[in-house]
Amino acid sequence: MAGCGGFVEKAKPYIAMISLQFGYAGMNVLTKLSLNQGMSHYVLVVYRHAFATLSIAPFALVLERKVRPKMTWPIFWQIFILAMLGPVIDQNFYYAGLKFTGPTFACAMSNILPAMTFVLAVIFRMEKLQMKKVRCQAKVLGTVVTVAGAMLMTLYKGPLMQLAWTSRHASSPAVHGGGAEAPAAAAAAEISARDWFLGSVFVIVATLAWASLFVLQTHTIKQYSAQLSLTTLVCFIGTLQAIVVTFVMERRTSVWTIGFDMNLLAAAYAGIVNSSIAYYVQGLVIQKTGPVFASAFSPLMMIIVAVMGSFILSEKIYLGGVLGAVVIVAGLYSVLWGKHKETQEKEADAKTALPMAVQASSMQDGAAIVVGDDAAGCNIGNNGVRSSSGVRGAAAAAASAV
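My aim in this report is to walk through the structure given alongside it, one point at a time.

About the criteria used
- Residues numbered from 1 in each chain as written.
- Predicted model: local features only at pLDDT ≥ 70, side-chain atom pairs only at ≥ 80, totals over all residues.
- Heavy atoms only, no water.
- Axes fitted to C-alpha atoms, helices over the stretch in contact; angles between N-to-C directions.
- Helix = DSSP H or I, 4+ residues; strand = E, 2+ residues; numbered from the N terminus.
- Parallel < 35°, antiparallel > 145°, perpendicular 65-115°, else oblique.
- Left-handed = near helix turned anticlockwise from the far one by under 90°.
- Contact = heavy atoms within 4.5 Å.
- Nonpolar A, V, L, I, M, F, W, Y, C, P; charged D, E, K, R; others polar.
- Salt bridge = Lys/Arg side-chain N within 4 Å of Asp/Glu carboxyl O.
- Buried < 20%, exposed > 50% of the residue type's maximum accessible area, 1.4 Å probe, protein only.
- Expected span 1.5 Å × (residues − 1).
- Arc of directions from axis to C-beta.
- Polar contact = N/O pair within 3.5 Å; in protein donor to acceptor, adjacent residues only side chain to side chain.
- Core = buried A, V, L, I, M, F, W, Y, C linked by side-chain atoms within 4.5 Å.
- Phe/Tyr/Trp six-rings, centres within 6.5 Å; stacked < 30°, edge-to-face > 60°.
- Lys NZ or Arg CZ within 6 Å of the ring centre and 35° of its normal.

### Let's talk about the packing of helix H4 (residues 103–110) against helix H6 (residues 134–155)
Part 1: In contact at an axis separation of 10 Å, H4 and H6 are set at 155° when each is read in the N-to-C sense. Taken together, the axis directions place H4 and H6 in an arrangement best described as roughly antiparallel. H6 is crossed by H4, and the crossing has left-handed handedness. Facing H4, whose interface residues are Phe 105, Ala 108 and Met 109, H6 presents Ala 150, Met 153 and Thr 154.
Part 2: Across the contact of H4 with H6, the residue classes tally to five nonpolar, one polar and no charged.

So, in structure tokens, the structure goes:
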């Protein structure tokens, strides 16, 4: 029983991260369905982060009421920019790219996130390039390979991949209505080269905003350490910003209409599952295993989305997307391997430094005791004999007394 309990404990992070990938995949498919039904992605961003704020705020108010730092203007402006980068720029561009391409393609392109984050960290001197070390070479090579994969996906569409189940869906009268309308519907389902390119650019911009958010958040959280409160504020301010953007971009009031339909399900699911539950679970996993372990599961989402998208949406998969995804995943794991080795080196250095620190502390304590004895000896021997130790000082004092 003890062995079984140990196995379950070790398996928890794996189960949690695999479950999260299914959650992320579901969000991509539901969002694509909602966008296909005509929902504005600007409005979807507003509702998503409104749901996220409402679901996170109670936990932040209760759990962090005693540890919440004082709000200052510099911290407020950092949170304001975080909200602009995340809920507004990242989500709007990602949903636009998702609408122009598809869930599988958008997920594959999002795997360039670690490489982009690494480049920004180097630019802002949060990462040091030590090219003589293999781990650093792996991170740089992985970044180059990842960018090459993204360029391949952007510039090369390639022939359509013929999958058994998508071919069956495509030929089914239930999908296209049968008769002479089937070829026209099939042609409309094809993604044009222009939409393919625009969707690629939008997803790249979204990923760049996401990476920038990580870099800025690393700095902000050092000054505002209440993570639930920080997330609540980012979601709340992002909701307000998204409302302004929506009023500017969407002049029709009808776009705000939402009922008990796919649009409400997509917004609530993305807000509660992906911005609340996923944040909490991922935080626990990162705290226990580190960010490298959590990041390593992101390609799994792409595979799940590809299967779900091809079955549920009859999504068409092209050779360029498959080849680019393979290249991106190879680069991703090169970056993650380098980061993992760097973490191992830091942990080894910390373990080596700890005994030395303890030894130095012990030596300082011993020196303090000796200094204390000297001081006592001088005080005791102040009757006329200056001594350098407590024993000699005491003897001199005794002799003087006699």
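### So, the pattern of salt bridges
Part 1: Inspection of every chain in the model, using the stated rule, returns eight salt bridges.
Part 2: Between Glu 342 and Lys 339 there is a salt bridge, and its shortest N-O distance comes to 3.6 Å. Taken together, the residues span about one helical turn, with Glu 342 and Lys 339 both in helix H15 (residues 319–380) at a distance of three residues.
Part 3: On the basis of relative accessible area, Lys 339 is assigned to the partly exposed category, the value being 28%.

### Describing H6
Part 1: Taking 1.5 Å as the rise per residue, H6 with 22 residues should run 32 Å; its terminal C-alpha atoms sit 31 Å apart, in good agreement.
Part 2: The set of residues buried in H6 consists of Arg 135, Cys 136, Ala 138, Lys 139, Gly 142, Thr 143, Thr 146, Gly 149, Ala 150, Met 153 and Thr 154. For H6, the buried positions fall inside an angular range of 155° around the axis, keeping them on one side. For H6, the exposed residues lying more than 90 degrees away from the buried face are Val 134, Leu 141, Val 144 and Leu 155.

### Describing unusual backbone geometry
Part 1: Positive phi, normally seen in glycine, also occurs at Arg 125, with a value near 60°.
Part 2: Here Arg 125 shows up in the loop between helix H5 (113–123) and H6.

### Remarks on the side chain of Thr 154
Part 1: In this fold, Thr 154 is placed in helix H6.
Part 2: Given the relative accessible area of 7%, Thr 154 is considered buried.
Part 3: Of note is the side chain of Thr 154, whose polar atom sits 2.8 Å from the backbone oxygen of Ala 150.

### Topic: the side chain of Thr 31
Part 1: Structurally, the position occupied by Thr 31 is in helix H1 (residues 2–36).
Part 2: On the accessibility criterion, Thr 31 (1% relative accessible area) is buried.
Part 3: Other than its neighbours up to four places away in sequence, Thr 31 contacts Leu 44, Tyr 95, Leu 98 and Ala 266.

### What to know about the nonpolar core
Part 1: Core analysis: the largest hydrophobic core is formed by 52 residues, its most contacted members being Met 17, Leu 44, Tyr 94 and Tyr 95.
Part 2: No other element matches the eight residues that H1 contributes to this core.
Part 3: By size, the runner-up hydrophobic cluster in this structure holds 13 residues, among which are Ile 75, Ile 79, Ala 209 and Leu 230.

### Looking at the environment of Phe 297
Part 1: Within the fold, Phe 297 resides in the loop between helix H13 (291–295) and helix H14 (298–312).
Part 2: As a C-alpha pair, Phe 297 and Ile 18 span 279 residues in sequence and 7.2 Å in three-dimensional space.
Part 3: Excluding its chain neighbours within four sequence positions, the residues that come into contact with Phe 297 are Tyr 14, Met 17, Ile 18 and Gln 21.

### Section: the packing of aromatic side chains
Part 1: Inspection of the entire model under this criterion finds 14 aromatic pairs.
Part 2: Seen in terms of ring centroids, Phe 105 and Trp 196 are 4.5 Å apart; in terms of plane orientation they differ by 55°. Their pairing is tilted. Note that Phe 105 is positioned in helix H4 and Trp 196 in helix H10 (residues 193–223), a separation of 91 residues in sequence.
Part 3: Using a relative accessible area of 5% as the deciding quantity, one classes Phe 105 as buried.
Part 4: Between Trp 196 and Tyr 318, the ring centres sit 5.6 Å apart and the planes meet at 80°, which makes this aromatic pair edge-to-face. On the criterion of sequence distance, the pair formed by Trp 196 in helix H10 and Tyr 318 in the loop between H14 and H15 is long-range, its members being 122 residues apart.
Part 5: You can call Trp 196 buried: its relative accessible area is 5%.
Part 6: Classification of Tyr 318 as buried rests on a relative accessible area of 4%.
Part 7: Pairwise contacts between aromatic rings join Trp 73, Phe 76, Trp 77 and Phe 80 into one cluster.
Part 8: Lying across the ring of Tyr 318, Lys 157 places its NZ or CZ 4.6 Å from the centre.

Treat this as a map of the structure, not an account of what it does.
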